[in-house]
Amino acid sequence: MKIALLGYGKMGKTIEQIALERGHSIVLKVGKNDTNYDLTSADVAIDFSIPDAAVENITRCFEASVPIICGTTGWLDHFEETVSLCHQKKGAFIYASNFSLGVNLYFELNKKLAQMMKPLDTYAVAIEEIHHLQKLDAPSGTAITLAEDIIATSDTTNWFLKDTTDTIATNGIPITAKREPEVPGTHTVQYTSQIDTIEIKHTAHNRNGFALGAIVAAEWLQNKTGVYTMKDVLGL
């Protein structure tokens, strides 16, 4: 499989390493300031760029009939129009806030726990995420996915970023976003009552899990059209 890397930072370099180990080749590496690139030699593109570049990268893949895996977060205000364009161009697209296979199992565990906690109104739910200092968006896309899955399964109606001036959703799920040196990603969902605390936690030890999941998704997407998720890839 010939892969175009749209975004060649730390994550792109990790994807390159694991892709080569799995017998694939890298035919294109697009850096932060590269805008003139040719996708015609690629079987698939993997985008881990920046929020301002993601929509343009995805659109160019649809125009070139190149399947696109996107793990960039912070651009989802344009998600619905991107999905519409994918269908219009008969493209192939997978977006995930987190491609780690373990995190996607964690998402399913989070949904199950939310279902179990719904009748227990003595518990208050909160989410904490910790990432490296270079992460541009807060809260993380993974934390937002966790919150939205809880909202879909419970009586909670919204989430808000704790300790900011945005207080319009103070009756929702508080998300605490921390930035610390060299933290690939830690997410905790916590239910607290006066009696006890229940929590589930996922801790990434390095970037390899994200990279492997993205490559597995790229392998799965070959010869398909449409919009898919990691649930489709993993058969969950």
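Above: the structure in question.
Residues numbered from 1 in each chain as written. Predicted model: local features only at pLDDT ≥ 70, side-chain atom pairs only at ≥ 80, totals over all residues. Heavy atoms only, no water.

Q: Honestly, the nonpolar core in this entry has me stumped. Any pointers?
A: Generally speaking, a soluble globular protein has its nonpolar side chains buried in company with each other. Ranked by internal contacts, the top residues of the largest apolar core, which has 26 residues, are Ile15, Ile46, Ile69 and Phe99. Broken down by element, this core gets its largest block of residues, eight residues, from helix H6 (residues 208-221). Once you skip the residues sitting within four places of it in the chain, isoleucine 15 turns out to touch Leu5, Ile46, Phe48, Ala211 and Ile215. Leu6, Val30, Ala42 and Cys86 belong to the second largest nonpolar core, which has 20 residues in total. (Core = buried A, V, L, I, M, F, W, Y, C linked by side-chain atoms within 4.5 Å. Buried < 20%, exposed > 50% of the residue type's maximum accessible area, 1.4 Å probe, protein only. Helix = DSSP H or I, 4+ residues; strand = E, 2+ residues; numbered from the N terminus. Contact = heavy atoms within 4.5 Å.)

Q: Any chance you could explain the packing of aromatic side chains here in plain terms?
A: For any pair of aromatic rings, the description consists of the separation of the ring centres together with the inter-plane angle of the planes. Applying the stated criterion across every chain yields a total of seven aromatic pairs. Where tryptophan 75 meets tyrosine 95, the ring centres are 5.6 Å apart and the plane angle is 85°; that geometry is what we call edge-to-face. Of this pair, tryptophan 75 sits in the loop between strand E4 (68-70) and helix H3 (79-89) while tyrosine 95 sits in strand E5 (residues 92-95), and the two are 20 residues apart along the sequence. Consider the rings of phenylalanine 79 and phenylalanine 93, whose centres lie 6.4 Å apart with planes at 40°: the pair is tilted. Here the residue phenylalanine 79 occupies a position in helix H3, and phenylalanine 93 occupies one in strand E5, the gap between them amounting to 14 residues. Taking relative accessible area as the criterion, phenylalanine 93 reaches 0% and is therefore assigned buried. Among the aromatic residues, those joined into a cluster by ring pairs are Phe62, Trp75, Phe79, Phe93 and Tyr95. (Phe/Tyr/Trp six-rings, centres within 6.5 Å; stacked < 30°, edge-to-face > 60°.)

Q: Quick question: what am I supposed to make of the sheet that holds strand E8 (residues 173-179) here?
A: Consider a sheet: its strands pair through backbone hydrogen bonds, and that pairing is either parallel or antiparallel. Strand order in the open sheet formed by five strands is E7-E8-E6-E9-E10, and the pairing between neighbours is mixed. Here the strands that pair on one side only, and so sit at the sheet edges, are strand E7 (159-161) and strand E10 (197-203). Each strand axis lies, on average, 20° off the axis of its neighbour in the sheet, ignoring direction. By the bridge criterion, three bridges tie E7 to E8 in an arrangement that is parallel. Bridge pairing links leucine 161 to isoleucine 175 in E8. (Pairing = 2+ DSSP bridges. Axes fitted to C-alpha atoms, helices over the stretch in contact; angles between N-to-C directions.)

Q: What am I meant to see in the pattern of salt bridges here?
A: One pass over the full model with this rule turns up six salt bridges. A salt bridge links glutamate 128 to lysine 178, with the nearest nitrogen and oxygen atoms 3.1 Å apart. Taken together, the positions of glutamate 128 in strand E6 (residues 124-131) and lysine 178 in strand E8 put the pair 50 residues apart, joining distant regions of the chain. Glutamate 128 sits in the partly exposed class, given a relative accessible area of 26%. Of the residues examined, lysine 178 reaches a relative accessible area of 35% and is grouped as partly exposed. (Salt bridge = Lys/Arg side-chain N within 4 Å of Asp/Glu carboxyl O.)

Q: Looking at this structure, how should I read the side chain of glutamate 16?
A: Mapped onto the elements of the fold, glutamate 16 is located in helix H1 (residues 10-21). Since its relative accessible area comes to 14%, glutamate 16 is described here as buried. Reaching out from glutamate 16, the side chain makes a polar contact with the side chain of tyrosine 8 at a distance of 2.4 Å. Ignoring any residue separated from it by four or fewer positions in sequence, one finds glutamate 16 in contact with Leu5, Tyr8, Ile26 and Lys29. (Polar contact = N/O pair within 3.5 Å; in protein donor to acceptor, adjacent residues only side chain to side chain.)

Q: Help me understand the packing of helix H2 (residues 51-63) against H3, please; the structure alone is not making it clear to me.
A: Geometry of a packed helix pair, given as the angle between the helix axes and the separation of the axes. Orientation of H2 relative to H3, taken along the N-to-C sense of each, is 10°, at an axis distance of 9 Å. Taken together, the axes of H2 and H3 are roughly parallel relative to one another. Residues Ile58, Thr59, Phe62 and Glu63 of H2 form the contact with H3, whose participating residues are Thr82, Leu85, Cys86 and Lys89. Partitioned by chemical class, the residues of the contact of H2 with H3 number four nonpolar, two polar and two charged. (Parallel < 35°, antiparallel > 145°, perpendicular 65-115°, else oblique. Nonpolar A, V, L, I, M, F, W, Y, C, P; charged D, E, K, R; others polar.)

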